[in-house]
Amino acid sequence: MLTLVVGLLTLVFGALFLLFSLPARPPQSSELVKYGTGMACAGAALLLLRLAAFVLPEWNARRRSPSLRMRREEYARHQSRTSAPNRARGSEGGVLILMLILVGLVAALLAQSHALARARAARETALRERTMLRQAAIEAAREALQRLADDEDLGVDSASESWAAPLDRETPLGIATRVRVRDEQARFDLNNLGVAAGPGRRSAEDIVMDIKTLCGDFSPATRVAALRDFIDPDSAGPREADFYQKLNPPHRCADRVLSGWREAMVVDGWDESILARRPRERIAGSFDAQFVDQVALIPLPRTRPIPININTASRETLRAVMGIEQDRLVDMVLTLREIRPIRQLDVFIVTASPETFDRLRPFIDVRSRHFRVHARAEWNGRRYDIEALAVRSDDGRVRIAQWVEDDLT
Ligand SMILES: [Ca+2]
Ligand SMILES: [Ca+2]
């Protein structure tokens, strides 16, 4: 009886496994087929064994000897009259409990295997989608970098050039990609604070103070000096290594160019609020510029300042770099570049004095070498972002100076 029940159950569960394997996907289905085939074979073997060991010999014996059959029947009747019912019931109860335990075990095994396979399939799907999104974002970024390299006029750069146009696409797989290329030299690079001003030249510190003033901060000197000390390689100043070592907890003074905004937030007097956009209506007039729109952080060491591009910089950045008092010069630049991008800096010598031109020369240019590429791929509510800092040399070759990937899924 036991072999019959166990054999039948194993066979049935083997068949169930095989049935489950039909709608399942490759890694899951092959495992289910493996389990199912094994169990079905074991069940069938058990039933065959029972057939060969008990059923066939009994059937043969009965067929050959009618007297034996009669004796068996008489014995069975006798057993049923005496203690047999109790024993049979006990044996049937044992088989039933065993059967239930077996059913439970197999069901648990089946459920666990199913859950594991589903979790694995979900992980694999997520990984596949992430790879697809990443590939699409890389492809989009690569196309933007190629457009930068293909710039036909490397002598001048303006916001109307093809590399500056937004690039929105959809891949054949339905992944939406968008790329934006930002001229990093349209803004003033705060890392210029690490370069000492030459004689007769405007200092980066004065420029950053003018930016802060245009943004409504009328007492920026201490904060700007702290940022300068943090970036410049020397240790002469009020906010150098000794100041940061005395803090609790102490931290290091960078004394080099900053690689990102997080580093700038360590500087005494600087925090996230400096990068937050202020409501325009709070300060009316010409002091409502947004600091975050005027500045950049190009994480490259330098011996000379990285200039702004006067063809792409905003009015506020132009005012800060040339000096708040240089409105005439700023207006002239804005008027000239409306007509066509400014190709030569000679125009400054005509409008401003040679001294003014000399003072500003390290901070102004008509072309750009540093670009920030933002590529995003989106599909099915998942997002993948790539941000790259591209540096274009004078011969048009583009190299990646910084590459950051952000999986926003
Ligand atoms: Ca160009
Ligand atoms: Ca320093």
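Draft legend 1. Layout of the coordination of the calcium ion (ligand 1). Protein coordination of the calcium ion (ligand 1) is provided by Asp-151 (OD), Asp-151 (OD), Asp-153 (O), Val-156 (O), Asp-157 (OD), Glu-161 (OE) and Glu-161 (OE), with donor distances spanning 2.2 to 2.8 Å. Counting gaps between the donor residues of the calcium ion (ligand 1) yields the pattern D-x1-D-x2-V-D-x3-E. By relative accessible area, Asp-153 is classed as partly exposed at 27%.

Draft legend 2. Molecular detail of the coordination of the calcium ion (ligand 2). Around the calcium ion (ligand 2), the protein contributes the donor atoms Asp-229 (O), Asp-232 (O), Asp-232 (OD), Asp-234 (O), Glu-240 (OE), Glu-240 (OE) and Asp-255 (OD), at 2.3 to 2.8 Å from the metal centre. Mapped onto the sequence, the residues coordinating the calcium ion (ligand 2) show the spacing D-x2-D-x1-D-x5-E-x14-D. Taking the relative accessible area as the measure of exposure, Asp-234 reaches 37% and is therefore partly exposed.

Draft legend 3. A look at the domain arrangement of the protein. What the domain assignment lists for the protein is domain 1 (2-127) and domain 2 (187-365). Domain 1 and domain 2 are separated by 81 Å when their C-alpha centres are compared.

Draft legend 4. Expanded view of helix α11 (residues 327-339). Compared with an ideal rise of 1.5 Å per residue, which puts 13 residues at 18 Å, α11 spans 19 Å between its outermost C-alpha atoms and is within 8% of the ideal. All buried positions along α11 are accounted for by Leu-329, Val-330, Met-332, Val-333 and Leu-334. Buried residues along α11 sit against α10 (315-322), α12 (346-351) and α13 (354-360).

Draft legend 5. Highlighting α10. The element α10 is largely enclosed, with a buried count of 6 among its 8 residues. Among the residues of α10, Thr-317, Leu-318, Arg-319, Ala-320, Val-321 and Met-322 are the ones counted as buried. Backbone geometry just after α10 places Gly-323 at a positive phi near 115 degrees.

Draft legend 6. Up close: a nonpolar patch on the surface. Taken together, the side chains of Leu-48, Leu-51, Phe-54, Val-55, Leu-56 and Trp-59 present a nonpolar region at the surface, about 600 Å² in accessible area. Topologically, Trp-59 is positioned in helix α2 (residues 26-64).

Draft legend 7. Representation of the pairing of strand β1 (residues 167-170) within the structure. When β1 meets strand β2 (residues 176-183), the two strands line up antiparallel, connected through 4 bridges. Bridge assignment links Arg-169 to a residue of β2, and that residue is Thr-177. The turn linking β1 back onto β2 is made up of 5 residues, and Gly-174 within it adopts a positive phi angle of 90 degrees.

Draft legend 8. Summary view of the packing of aromatic side chains. Using the criterion set out here, one finds 5 aromatic pairs in the structure. Relative to Phe-363, the ring of Phe-188 has its centre 5.8 Å away and its plane inclined at 50 degrees; by these criteria the two rings are tilted. Of the two residues, Phe-188 is situated in strand β3 (residues 188-189) and Phe-363 in the loop between α13 and β6 (364-365); the sequence distance between them amounts to 175 residues. The exposure class assigned to Phe-188 is buried, which follows from its relative accessible area of 1%. Phe-363 sits in the buried class, given a relative accessible area of 3%. What links up through ring pairs into an aromatic cluster is the set Phe-230, Phe-243 and Tyr-244. If you follow Lys-212 out to its NZ or CZ, it ends over the ring of Trp-270, 5.1 Å from the centre. Seen from the ring of Phe-243, Arg-239 lies directly overhead, with NZ or CZ sitting 4.3 Å from the centre.

Draft legend 9. Main features of empty space enclosed by the protein. As enumerated under the stated definition, the model contains 1 cavity of 30 Å³ or more in all. Around the largest cavity, the lining residues are Leu-154, Asp-157, Arg-367, Ser-368, Arg-369, Arg-392, Ser-393 and Asp-394. Residue composition of the lining of the largest cavity, by class: 1 nonpolar, 2 polar and 5 charged.

Draft legend 10. Local environment of the side chain of Lys-212. Along the chain, the position of Lys-212 falls in helix α5 (residues 204-214). In this structure Lys-212 comes out as buried when scored by relative accessible area, which is 6%. Once you skip the residues sitting within four places of it in the chain, Lys-212 turns out to touch Asp-217, Pro-220, Arg-223, Val-224, Ile-274 and Phe-291.

Parameters at a glance
- Every residue gets a number counted from 1 within its own chain, in the order that chain's sequence is written.
- Each chain is given a letter, starting from A, and each ligand a number, starting from 1, according to the order in which they appear as written.
- Note on the predicted model: pLDDT of at least 70 is required for a residue's local features to be given, and 80 or more for side-chain atom pairs to be given and counted; whole-chain, interface and lining totals, by contrast, use all residues.
- Values reported for side chains reflect all heavy atoms of the structure, with hydrogen atoms and water molecules removed beforehand.
- Coordinating donors are taken to be N, O and S atoms lying within 2.8 Å of the metal, or within 3.2 Å when the metal is Na, K or Ca; because water is excluded from the atom set, some sites may appear incomplete.
- For every residue, the accessible area (1.4 Å probe, protein chains only) is compared with the maximum for its type, and the residue is labelled buried under 20%, exposed over 50%, or partly exposed between those bounds.
- Domains are outlined according to an automatic or database domain assignment.
- Runs of E in the DSSP output that reach at least two residues are strands. Runs of H or I that reach at least four are helices, and both are numbered from the N terminus.
- Each residue after the first adds 1.5 Å to the expected span of a helix.
- Working rule for contacts: check all heavy atoms of both residues, and any pair within 4.5 Å makes them a contact.
- In this scheme, patches are assembled from residues that exceed 30% relative accessible area and form no salt bridge. Like charges are connected within 9 Å, while nonpolar side chains (Val, Leu, Ile, Met, Phe, Trp, Tyr) are connected within 5 Å.
- All accessible areas in this document rest on Shrake-Rupley with a 1.4 Å probe, and a residue is counted as covered only by the protein chains that are shown.
- By definition here, a salt bridge exists when the distance from a side-chain nitrogen of Lys or Arg to a carboxyl oxygen of Asp or Glu is within 4 Å.
- Here, strands pair whenever DSSP counts at least two bridges between them.
- Stacked, tilted and edge-to-face are the three classes applied to pairs of Phe, Tyr and Trp rings, where Trp contributes its six-membered ring and a pair requires centres within 6.5 Å; stacked means planes under 30 degrees apart, edge-to-face means over 60, and tilted covers the rest.
- Any Lys NZ or Arg CZ found within 6 Å of a ring centre and within 35 degrees of that ring's normal is scored as a charge over the ring.
- A pocket, in this scheme, is an open set of points on a 1 Å grid over the protein atoms alone with protein on both sides within 12 Å along at least 5 of 7 lines, while a cavity is a set where a 1.4 Å probe fits but cannot get out; residues line either one if an atom lies within 4 Å of a point.
- Grid points are joined across faces, edges and corners, and a volume is the space filled by probe spheres set on the points.
- Following the grouping adopted for this structure description, the nonpolar residues are Ala, Val, Leu, Ile, Met, Phe, Trp, Tyr, Cys and Pro, the charged ones are Asp, Glu, Lys and Arg, and the polar ones are all others, Gly among them.

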